[in-house]
Number of protein chains: 2
Amino acid sequence: MKEGPDFTRVAALIGDPARANILTALMSGKALTASELAAEAGVSAQTASAHLAKLRDGTLVAERKQGRHKYFRLASDEVAQVLEALMGLAAGSGHLRTRTGPKDQAMREARACYNHLAGDMGVHMFRSMRQNGHLIGPEDALRLSETGSEFVKSLGIDLENLPRSKAPLCRACLDWSARDTHLAGQLGRALLNQILSLGWAVKNADSRVVIFSKTGKSAFFETFRP
Amino acid sequence: MKEGPDFTRVAALIGDPARANILTALMSGKALTASELAAEAGVSAQTASAHLAKLRDGTLVAERKQGRHKYFRLASDEVAQVLEALMGLAAGSGHLRTRTGPKDQAMREARACYNHLAGDMGVHMFRSMRQNGHLIGPEDALRLSETGSEFVKSLGIDLENLPRSKAPLCRACLDWSARDTHLAGQLGRALLNQILSLGWAVKNADSRVVIFSKTGKSAFFETFRP
DNA sequence: TAGATGCTTCGCCCATGATCGAAGTATGAA
DNA sequence: TTCATACTTCGATCATGGGCGAAGCATCTA
């Protein structure tokens, strides 16, 4: 039997239930401690420790020690992308085991795809910015137009002081639930953060769902008009 | 320990070396028999049979019986997308075991991403068509313009007689080697087939590499000008 | 400083799943 | 019709890796 191609290991790392639960928890974009992740996965601390070491060695997660706590987060946007692609495939091919419930609907409507807004509302936002000429260029070279700079500035986003990062400012990200594109990259992150700061929405503490208030939703659709 | 999220099973299916080899072989876009896939994976016929049953049950591959032969192909473009995403992650994070060699360079330059052209040349083709106004609309709603219809017609592609399929005509597909977009969908498929028909390139029988001749490459770059 | 808490490592157990020999079924060719 | 080939199924083997108890190390708090 031949050795597998290089991606075999990556897939195998993701394909364990405990590790998959860990990665899913980290899709919320938050950094979580080893203990929290053990609870998320429903395994003991020692088991989680072994799993996290594997994920770290496989560069799927990054860790940072803070005193006696160890915080883990996904290693890159790219990991989130792979997970979303897998979710999309699973969603489209009958791998879903549970009946569709309110939570699924909430996830479809608005959720955190790692650090930016996804779901129907994320797609709506992207489309609005495209149609209003705020985002220009092909999707592989998305950039902010002048009107786009003014627009996000009017939203309270300070483009000059975004955290130093090698991530592009704008990046298209495929949304598995809407089968369409939402905005990732630094701007996508800043926009989600701003939405939260403005109080339009809150992040559900237990999941990736982003919960808009009634007034927040109105403000969102007023701001991101089709 | 909790059960994993729905995508766990998909990842686990991909994460076995024999099955990963099978899926990689099917990325060439060809339908291969069970025996051929057994050879690709380097396992016995009975082992391959068990693996293929799992992949079929997991809706990652589709099978068709033809006399005593059974042909398998990837179940959907989406499966190819997931595999490409995994390849990209593996490529970007030091999971590569072998040194970069001529074959890798050839894969980067031009390869079949399932049924359409990928790699640098695939990206070039997409970009050319974008910049020349042949492809218009946001990437999530790509479509052919009127000049685009004329263009592909002048290439010898009969848009009226494309095979019936629910796949979109134009779809953007992320290219892991170029980290950019190439054209998938029915048009992407037709373009690759036309390139092969025109004799500009041939498919390497043992891999996904698409080998352009000197004259074919000239014709390609002449046709798809920046 | 002692005790509590977070995390890691070691050692052992065992469930799982990949593997192949053997045998059977289906199809094709001479 | 017989033999060859393609593929599947069954049964047994065994390597792998996930799991946790126990113990140890690092850090924090009272």
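What comes next concerns the included structure. (Residues numbered from 1 in each chain as written. Chains lettered and ligands numbered in written order. Predicted model: local features only at pLDDT ≥ 70, side-chain atom pairs only at ≥ 80, totals over all residues. Heavy atoms only, no water.)

Digging into the interface of chain B and chain A
Then, number 1: Counting from both sides, the interface comprises 53 residues of chain B and, opposite them, 53 residues of chain A.
Then, number 2: Here chain B packs against chain A, burying approximately 4400 Å² in sum over the two surfaces, 61% of which is carbon and sulfur.
Then, number 3: Inspection of the chain B/chain A interface yields 0 salt bridges.
Then, number 4: Taken together, the connections running from chain B to chain A amount to 2 residue pairs in polar contact (both at pLDDT 80 or more).
Then, number 5: Put simply, the parts of the chain that give the side of chain B that touches chain A at least two residues each are α1 (7-14), α2 (17-26), α3 (34-41), α5 (77-92), α7 (119-131) and β9 (180-184) of chain B.
Then, number 6: Residue contributions to the side of chain B that touches chain A peak at 11 residues, all from α5(B). (Contact = heavy atoms within 4.5 Å. Buried area = accessible area lost by both parts, 1.4 Å probe. Salt bridge = Lys/Arg side-chain N within 4 Å of Asp/Glu carboxyl O. Polar contact = N/O pair within 3.5 Å; in protein donor to acceptor, adjacent residues only side chain to side chain. Helix = DSSP H or I, 4+ residues; strand = E, 2+ residues; numbered from the N terminus.)

Here we look at the packing of helix α1 (residues 7-14) of chain A against α5(B)
Then, number 1: Two elements in contact, α1(A) and α5(B), have axes separated by 8 Å at closest approach and are oriented at 105 degrees. Classified by the interaxial angle, the pair formed by α1(A) and α5(B) is roughly perpendicular. Residues A:Phe7, A:Val10, A:Ala11 and A:Ile14 of α1(A) form the contact with α5(B), whose participating residues are B:Leu83, B:Leu86, B:Met87, B:Leu89 and B:Ala90.
Then, number 2: For the contact of α1(A) with α5(B), a count of residues per class yields 9 nonpolar, no polar and no charged. (Axes fitted to C-alpha atoms, helices over the stretch in contact; angles between N-to-C directions. Parallel < 35°, antiparallel > 145°, perpendicular 65-115°, else oblique. Nonpolar A, V, L, I, M, F, W, Y, C, P; charged D, E, K, R; others polar.)

As for the pattern of salt bridges
Then, number 1: Overall, the coordinates contain 14 salt bridges over all chains when judged by the stated rule.
Then, number 2: For the salt bridge of A:Glu63 with A:Lys70, the shortest nitrogen-to-oxygen distance reads 3.3 Å.
Then, number 3: For A:Lys70, a relative accessible area of 31% gives the class partly exposed.
Then, number 4: Among the salt bridges present, the one from B:Arg56 reaches B:Glu63, with a minimum N-O distance of 3.2 Å.
Then, number 5: Here the residues in one salt-bridge network are A:Arg56, A:Asp57, A:Glu63 and A:Lys70, joined through shared partners. (Buried < 20%, exposed > 50% of the residue type's maximum accessible area, 1.4 Å probe, protein only.)

Quick notes on the relation of the copies chain B and chain A
Then, number 1: Screw-axis analysis of chain B against chain A gives a translation of 0.0 Å along the axis, an RMSD of 0.1 Å, and a rotation angle of 180 degrees. Here the symmetry operator amounts to a two-fold rotation axis.
Then, number 2: Of the interface residues in chain B, 100% have counterparts in chain A that sit at the interface too, so the contact is made through matching surfaces. (Least-squares fit on C-alpha atoms with pLDDT ≥ 70 in both.)

What to know about the packing of aromatic side chains
All names here are of chain B.
Then, number 1: Summed over the entire model, instances satisfying the criterion amount to 8 aromatic pairs over all chains.
Then, number 2: Here the aromatic rings of Phe-220 and Phe-224 are separated by 5.0 Å at their centres, their planes lie at 50 degrees, and the arrangement is tilted. For the pair Phe-220 and Phe-224, a shared accessibility class is recorded, and that class is buried. (Phe/Tyr/Trp six-rings, centres within 6.5 Å; stacked < 30°, edge-to-face > 60°.)

Observations regarding the side chain of B:His51
Residues and elements named next belong to chain B.
Then, number 1: Of note, His-51 is situated in helix α4 (residues 45-57).
Then, number 2: Owing to a relative accessible area of 13%, His-51 belongs among the buried residues under this scheme.
Then, number 3: Aside from chain neighbours lying at most four places away, what touches His-51 is Asp-16, Ala-18, Arg-19 and Ile-22.

On their own, these measurements won't tell you what the molecule is for.
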